[in-house]
Amino acid sequence: MPGIAAIYEFLVKGRKRLGYRVQMDTTANDVGETAAPGALGELSKEGVPLVDPSIVLLRIENTGRTNIDEHDYAVRDDDRAGIRVSFPGRRVVGVVVTELSDENLRSSLSGLTVREDLVELPKVPMNRHDHYKVLAALDSTDGRKKTDGAYPDPIVVGTIKGGVGDGRIIETRSRIGTSRRAMMLIAFLVVLVVAQSLVFLRSDTRTPLDCAEGRLAISGSTAFEPVIREAARSYQDVCPAAEFAFEMRGSGEGLLALDQSGELAFSDGEKPDGMPGLVARPIAFVLFTLVVNADTGVKDLTTAQIRRLYRGEIGNWKEIGGADEAVRLISRNPGSGTRAAFQRRVLGGVREPGSNSDNCRDRDPGTPAGVVRCARNSTEDVLRAVADTPGALGYSELGAATGRSGSALVRIDGHPATVDDADHGTYPFWETELGYTFGDPDAHSLAASFLRYLTNQVGADIIRAHGDRPCAELANPQLCHPNPAAVPAD
């Protein structure tokens with residue numbers, strides 16, 4: 001029903017909305033001042049006092065129901081600016097970021113630049129309800145004090161792919177009362193809802209808009225767990241009658257539980273033999289990375305060096321140019337999809353040797369001499385152990401490993417873990433995230449509805465926000481097909 005779909009798109013789903021508010025735009029002339037005006041009385045650029053100083057406080061905010069990723073900004077890939085703010089009649093003499101809703105925004109805003117009357121804001125990834133504020137100090141362009149009234153309003157330009165309307169960043173300044181245009185829109189929507197609701201009452205007793213109700217048990221990959229949990233919360237925002245239960249203990253255990261009694265499992269890669277009843281659906285292209293303790297002094301390893309490390313042929317990082325520190329290998333337990341992907345794509349199909357340590361620092365009594373090896377149950381456990389263990393080397397899903405203190409990401413053969421490098425074959429450590437059901441679920445079930453949700457616009461936004469990619473967005477989408485080619489051994 002097109003009418004209901006329009007209401008859903010506008011009022012419920014929300015899609016992408018990027019907004020701005022000019023919270024202050026005022027002159028800074030000394031009309032009145034305290035006995036000690038301080039810096040406000042000394043605004044200058046390179047020691048020269050400003051002629052007609054003014055100050056603007058701008059708030060940028062995600063006002064939609066979905067996350068905004070840096071790739072959602074509708075500008076060229078080589079253009080670092082996502083939003084441009086111009087000040088007609090004024091030049092920018094200084095800019096500072098004054099407020100962040102999330103400290104994770106700080107690194108993205110390091111690319112802020114200024115050119116004459118223009119402030120260029122970078123492509124900042126923003127989760128739902130995120131915002132930041134920018135304070136700009138300005139002076140007149142012609143070096144003369146303005147005497148005929150206020151300057152023109154700042155002009156904010158930015159566009160979001162898949163956004164509401166034409167995707168432009170829109171002003172969200174609060175206003176008293178409701179405009180006539182808004183009242184007309186509300187009246188139209190009310191009439192449409194009433195008319196369409198009669199059709200629902202006569203023709204369909206199910207919850208509309210692809211919502212499903214009930215309880216869904218989800219198991220499997222700890223690497224993909226953050227995506228699944230966020231998607232489930234977002235699904236419940238729209239479909240509150242749905243309930244989710246999580247048992248994320250790794251891909252292998254998840255598939256085994258599904259084969260016995262579960263409803264939905266996620267796996268980093270294809271199921272093992274012996275589970276003919278499980279049906280796979282490609283969900284995402286997931287990047288993985290090697291990660292080392294920050295004190296190793298290593299940032300780049302060749303494939304040959306990685307394989308020598310895991311064969312136990314390199315026992316100290318100084319042998320390959322790192323610190324004088326013993327190598328300690330921290331892996332995932334057997335059955336982990338991340339471990340299987342590492343063995344298949346980086347080690348050339350060779351299985352990792354078994355563990356010889358419980359604490360990841362010392363070999364257990366009675367074990368043969370050699371490199372210390374230990375294994376952990378989850379992605380989080382591996383990353384914590386790498387950061388806490390001198391000389392440690394491990395592997396993890398990229399999003400979980402990014403920005404953590406005490407550890408560093410490792411390039412492979414000079415290439416970082418990026419979608420472009422993996423998509424074009426220059427970065428080897430990736431896997432297809434597959435959603436498994438036991439047979440084909442009923443089309444109206446919560447399992448089927450949630451799988452569809454993961455591959456629609458909202459689910460795709462969440463996947464991208466965690467550093468992964470929906471399969472359909474790859475240059476080579478066939479990479480996501482089950483039975484992907486393995487990396488050959490040396």
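Refer to the preceding data block for the structure.
Before going into details, it helps to say that this report is about the structure given with it. (Residues numbered from 1 in each chain as written. Predicted model: local features only at pLDDT ≥ 70, side-chain atom pairs only at ≥ 80, totals over all residues. Heavy atoms only, no water.)

1. Observations regarding the overall build of the protein chain
Here is step 1 of the chain: Regarding its fold elements, the protein chain presents 12 helices and 22 strands.
Here is step 2 of the chain: Put simply, the protein chain has 490 residues, and 44% of those count as buried.
Here is step 3 of the chain: Sequence separation of at least 24 residues holds for 78% of the intrachain contacts in the protein chain that already meet a minimum separation of 6. (Helix = DSSP H or I, 4+ residues; strand = E, 2+ residues; numbered from the N terminus. Buried < 20%, exposed > 50% of the residue type's maximum accessible area, 1.4 Å probe, protein only. Contact = heavy atoms within 4.5 Å.)

2. Concerning unusual backbone geometry
Here is step 1 of the chain: With a phi close to 50°, E116 is a non-glycine residue in the positive phi region.
Here is step 2 of the chain: Checked against the element boundaries, E116 lands in the loop between β7 (113-115) and β8 (118-122).
Here is step 3 of the chain: You will see that C360, though not glycine, has its phi angle at about 70°, which is positive.
Here is step 4 of the chain: Relative to the elements of secondary structure, C360 occurs in the loop between α7 (337-345) and β18 (372-376).
Here is step 5 of the chain: Of the residues examined, C360 reaches a relative accessible area of 1% and is grouped as buried.

3. A closer look at the packing of aromatic side chains
Here is step 1 of the chain: If you walk through the whole model with that rule in mind, you get 12 aromatic pairs.
Here is step 2 of the chain: Aromatic side chains Y395 and F429 sit 6.4 Å apart centroid to centroid with 75° between the ring planes, which places their arrangement in the edge-to-face category. Taken together, the residues span a long stretch of sequence, with Y395 in strand β19 (residues 392-397) and F429 in the loop between α10 (419-423) and β21 (430-438) at a distance of 34 residues. The residues Y395 and F429 share a single accessibility class, namely buried. (Phe/Tyr/Trp six-rings, centres within 6.5 Å; stacked < 30°, edge-to-face > 60°.)

4. Some thoughts on the state of the cysteines
Here is step 1 of the chain: Using the criterion set out here, one finds 3 disulfides in the structure.
Here is step 2 of the chain: Put simply, C471 and C480 are joined by a disulfide, and their sulfur atoms are 2.1 Å apart. When the S-S torsion is -80°, as for the bridge of C471 with C480, the disulfide is left-handed. Comparing C471 with C480 shows no difference in burial state: the two are buried.
Here is step 3 of the chain: Across the protein chain, the way the bonded cysteines pair up, counted in sequence order, is 1-2, 3-4, 5-6. (Disulfide = S-S within 2.5 Å.)

5. Here's the deal with the side chain of E433
Here is step 1 of the chain: By the secondary structure assignment, E433 is in strand β21.
Here is step 2 of the chain: Buried charge without a salt bridge: E433, with R332 as the nearest opposite-charge side chain at an N-O distance of 9.7 Å.
Here is step 3 of the chain: Polar side-chain contacts of E433 include one of 3.3 Å to the backbone nitrogen of S267. (Lys, Arg positive; Asp, Glu negative; His and termini not counted. Salt bridge = Lys/Arg side-chain N within 4 Å of Asp/Glu carboxyl O. Polar contact = N/O pair within 3.5 Å; in protein donor to acceptor, adjacent residues only side chain to side chain.)

6. Digging into the side chain of N316
Here is step 1 of the chain: Secondary-structure assignment places N316 in the loop between α6 (303-311) and β17 (328-332).
Here is step 2 of the chain: For N316, the side chain forms a polar contact with the main-chain nitrogen of K318, separated by 3.0 Å.
Here is step 3 of the chain: Discounting residues that sit within four places of it in the chain, N316 has contacts with A323, D324, E325, A326 and V327.

7. With respect to the sheet that holds strand β4 (residues 54-62)
Within a beta sheet, neighbouring strands are joined by backbone hydrogen bonds and run either parallel or antiparallel to one another.
Here is step 1 of the chain: With mixed pairing, the 5 strands of this open sheet are ordered in space as β6-β9-β4-β1-β11. Edge strands, defined here as strands with exactly one partner in the open sheet, are β6 (90-100) and β11 (170-171). (Pairing = 2+ DSSP bridges.)

8. A closer look at the pairing of strand β9 (residues 131-140)
Here is step 1 of the chain: Among the 10 residues in β9, 8 count as buried, and that is most of the element.
Here is step 2 of the chain: As paired elements, β4 and β9 share 8 bridges and run antiparallel to each other. Bridging across to β9, S54 finds its partner in L138.
Here is step 3 of the chain: Bridging between β6 and β9 involves 9 bridges; their strand directions are antiparallel. Residue pairing across strands places V96 opposite L135, the latter belonging to β9.

9. What to know about the pairing of strand β12 (residues 214-220)
Here is step 1 of the chain: Note: β12 against strand β13 (residues 242-247), 6 bridges, orientation parallel. Note on β13: the bridge partner recorded for L216 is F244.
Here is step 2 of the chain: As paired strands, β12 and strand β14 (residues 264-268) are joined by 3 bridges and run parallel to one another. When the sheet's bridge partners are listed, G220 is paired in β14 with F266.

10. Quick word on the pattern of salt bridges
Here is step 1 of the chain: Going through the model one piece at a time under the given rule, you end up with 27 salt bridges.
Here is step 2 of the chain: Across the pair R229 and E225 runs a salt bridge whose closest N-O atoms are separated by 2.7 Å. Residue R229 and its partner E225 are located together in helix α4 (residues 225-238), separated by 4 residues, close to a single helical turn.
Here is step 3 of the chain: On the basis of relative accessible area, R229 is assigned to the partly exposed category, the value being 33%.
Here is step 4 of the chain: Accessibility expressed as a relative area gives 18% for E225, which makes it buried.
Here is step 5 of the chain: For R464, the salt bridge is made with E473, and the minimal N-O distance between the two is 2.4 Å.
Here is step 6 of the chain: Relative accessible area serves as the criterion here: at 43%, E473 is assigned to the partly exposed category.

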